[in-house]
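# Overview (structure and organization)
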Amino acid sequence: MKKTAILLFLVAAFSGAFTQEIKPDTVKVGIYITSIHDIDFKQKEYAINLWLWMKYKNRDFNFVDNLEIPQAKSVEKAFSVVDTSGEETYLQMKLLCVMKDSWRIANFPFDHQTLRLSLENSQFDSRYLVFEADTIGKQFDPRFALRGWSIDSCIITTGKKIYETGFGDERLDKPRTEYGTFRVRLSITRDAGGLFWKIFLGMYIAFLISYVCFYIHADGMDSRFGLSVGSLFAVVGNKYIIDSSLPESTSFTLVDTLHGITLFFIFTIIACTAYSLLLVKKDQAKKAKRFDMLAAQILLFVYVMANLYFVVNAASM
């Protein structure tokens, strides 16, 4: 009886050791961003240069060959070194990545963007490998050349990325796989002062050219119509130029709003010119003059206020 009891105990202990949950190895990860450049709104991508280092005990991990950056269009390893002389393996590499991301352009050029980067190991899932963030020191060079932008924050987190597929592994009960992930989220804000005038100056000049029509004598009605119609086409052309550098959007953006307002007011100026012409033909030149001056003041005031409202609202969001 004693031998039987001992045998049963050994069998239970042996089977319990195999059924015990596997404890994943921890990889400590740190980054230092040296440069972000070539931000391309049309192609929805940007380039980033960074140093990456890792510390781990499991020598089966091969991050040089199995490092995965899911959002990357291309990844170039400019430098890598692996030190296995101690108890822990130390890996350091420099990465040059072209990243794909989505842009929020509703308030362009007063926009705030979030650049995302995540790292995974394509060989081992979260049952065997998890990440721990090395947050000592800074994660980016505050002096690096990110022209036209300012950095608000750099947030580093770790977790698990869920894929609703088994990648062809029929041994899994459910088509679901989890991988350890290391995430970087960089929030940036555009310095929009100079850019705003660069892209909208042509639109405002076109409006002012059409606005000057109110001060042209009634004898020059042909000139008034010609200037207004020319301004109309100039605003449309300016909008197409701006849209060519932005990704397609189904929402109404600040660019659409300001150009729409300008087109509406230029059309209103054309309508006012037509009414003045009607008064002149009825031999009411003085009334036409008074109407022009009144319309000029009202339209200019309303146009400026409307632009200020939408611009200030976009800049404060």
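Before going into details, it helps to say that this report is about the structure given with it. Fair warning: this is a prediction, and the values are worked out from it, not measured in the lab.

## Observations concerning helix α6 (residues 285–316)
- In a regular helix each residue adds 1.5 Å, so 32 residues correspond to 46 Å; α6 covers 46 Å between its end C-alpha atoms and thus fits that length.
- Buried residues of α6: A288, D292, A295, A296, L299, Y303, A306, N307, V311 and A314, and no others.

## Some details on the environment of I199
- Looking at where I199 falls in the secondary structure, it is placed in helix α3 (residues 193–211).
- On the basis of relative accessible area, I199 is assigned to the buried category, the value being 13%.
- I199 sits 134 residues away from D65 along the chain, and the two C-alpha atoms are 45 Å apart.
- Aside from chain neighbours lying at most four places away, what touches I199 is F108, P109, N238 and I242.

## Quick look at the state of the cysteines
- Applying the stated criterion to the full structure yields zero disulfides.
- In this model C97 remains outside any disulfide bridge; the closest cysteine sulfur is found in C154, 14 Å from its own.

## A few points about the pattern of salt bridges
- Counted according to the given criterion, the structure contains eleven salt bridges.
- Between E45 and K100 there is a salt bridge whose closest N-O contact spans 3.4 Å. Taken together, the residues E45 in strand β2 (residues 45–56) and K100 in strand β5 (residues 89–100) connect sequence positions 55 residues apart.
- In this structure E45 comes out as buried when scored by relative accessible area, which is 14%.
- The shortest N-O distance in the salt bridge between K160 and E178 comes to 4.0 Å.

## Quick word on the packing of aromatic side chains
- Taken as a whole and judged by the stated rule, the model has 26 aromatic pairs.
- On the basis of an interplanar angle of 5° and a centroid distance of 5.0 Å, the ring pair of F41 and W103 is categorised as stacked. In this pair, F41 sits in the loop between β1 (25–40) and β2 while W103 sits in the loop between β5 and β6 (112–121), placing the two residues 62 residues apart along the sequence.
- Given a relative accessible area of 7%, F41 falls into the buried group.
- Both rings, one in F196 and one in W197, keep their centres 5.4 Å apart while their planes meet at 85°; by these two values the pair is edge-to-face.
- Taken together, the ring pairs connect F110, F196, W197, F200, Y204, F207, Y211, F214, Y215, F264, F265 and Y303 into an aromatic cluster.

## A short note on the nonpolar core
- Counting 70 residues, the largest nonpolar core has V27, I36, I48, L52, M54, F63 and F200 as the members making the most contacts within it.
- With nine residues, the top contributor of residues to this core is helix α5 (residues 254–281).

## Observations regarding the packing of helix α4 (residues 221–243) against α5
- At a closest axis distance of 10 Å, the pairing of α4 and α5 adopts a crossing angle of 170°. When the axis of α4 is compared with that of α5, the two are roughly antiparallel.
- For the contact of α4 with α5, the residue count by class is 16 nonpolar, seven polar and four charged.

## Observations regarding the sheet that holds β1
- With respect to topology, five strands assemble into an open sheet ordered β4-β5-β2-β1-β7, the strand pairing being mixed. Lying at the two open borders of the sheet, with one neighbouring strand each, are β4 (72–83) and β7 (129–133). The average undirected angle you get between the axes of adjacent strands in this sheet is 30°.
- Taken together, the five bridges between β1 and β7 define a ladder with parallel strand orientation. By the bridge assignment, V29 is partnered in β7 with A133.

## Brief notes about the sheet that holds strand β9 (residues 177–190)
- Taken in spatial order, the four strands line up as β3-β6-β9-β8 in an open sheet, and their pairing is antiparallel. Two strands bound the open sheet, and with one partner strand each, they are β3 (67–68) and β8 (149–163).
- The pairing of β8 with β9 spans 14 bridges and is classified as antiparallel. Paired with K160 across the two strands is G180, which belongs to β9.

## A look at the pairing of β6
- Judged by how many residues are buried, β6 sits mostly within the fold: eight of ten residues are covered.
- Bridging between β3 and β6 involves two bridges; their strand directions are antiparallel. In the sheet register, L67 faces β6, and the bridge partner there is N121.
- Judged from the eight bridges that link them, β6 and β9 form a sheet pairing that is antiparallel. If you follow R116 over to β9, its bridge partner there is R185.

## What to know about the side chain of D292
- Within the secondary structure layout, D292 lies in helix α6.
- Discounting chain neighbours no more than four positions away, the residues touching D292 are F214, R224 and S276.

## Considerations on the packing of α3 against α6
- For the pair α3 and α6, interaxial distance at closest approach is 12 Å and the crossing angle is 165°. What the angle tells us is that α3 and α6 run roughly antiparallel. Of the two elements, α3 crosses α6, and the hand of that crossing is right-handed. Of the residues in α6, those in contact with F196, M203, Y204, F207 and Y211 of α3 are A296, Q297, L300, Y303, N307 and V311.

The rules behind each value
- Residue positions are counted from 1 within each chain, in the order its sequence is given.
- Only residues with pLDDT of at least 70 get local features here, since the model is predicted, and only at 80 or more are side-chain atom pairs given and counted; chain-wide, interface and lining totals rely on the full set of residues.
- Excluded from the side-chain calculation are hydrogens and water; included are all heavy atoms of the structure.
- Counting from the N terminus, the helices are the DSSP runs of H or I reaching at least four residues and the strands are the DSSP runs of E reaching at least two.
- Take the number of residues in a helix, subtract one, and multiply by 1.5 Å to get its expected span.
- The cut-offs for exposure are 20% and 50% of the maximum accessible area for each residue type, with area from a 1.4 Å probe on protein chains only; residues under the lower value are buried, those over the upper are exposed, and the others partly exposed.
- What makes two residues a contact is simply this: any of their non-hydrogen atoms within 4.5 Å.
- The disulfide criterion used throughout: a pair of cysteine sulfur atoms within 2.5 Å.
- We define a salt bridge as a contact between a side-chain nitrogen of Lys or Arg and a carboxyl oxygen of Asp or Glu at a distance within 4 Å.
- Note on aromatic pairs: the rings of Phe, Tyr and Trp (six-membered ring only in Trp) are paired at centre separations within 6.5 Å, and the planes decide the class, stacked below 30 degrees, edge-to-face beyond 60, tilted for the rest.
- Joining through side-chain atoms within 4.5 Å is the link that ties buried Ala, Val, Leu, Ile, Met, Phe, Trp, Tyr and Cys residues into a set, and such a set is a nonpolar core.
- Helix axes are fitted to C-alpha atoms over the stretch in contact, other axes to C-alpha atoms as well, and angles between N-to-C directions run from 0 to 180 degrees.
- Each angle receives one of four descriptions, namely roughly parallel if under 35 degrees, roughly antiparallel if over 145, roughly perpendicular if within 65 to 115, and oblique otherwise.
- Note on residue classes: Ala, Val, Leu, Ile, Met, Phe, Trp, Tyr, Cys and Pro are nonpolar, Asp, Glu, Lys and Arg are charged, and everything else, Gly too, is polar.
- At least two DSSP bridges between two strands are required for those strands to pair.
- When the near helix sits turned anticlockwise from the far one by under a right angle, the crossing is termed left-handed; a clockwise turn instead gives a right-handed crossing.

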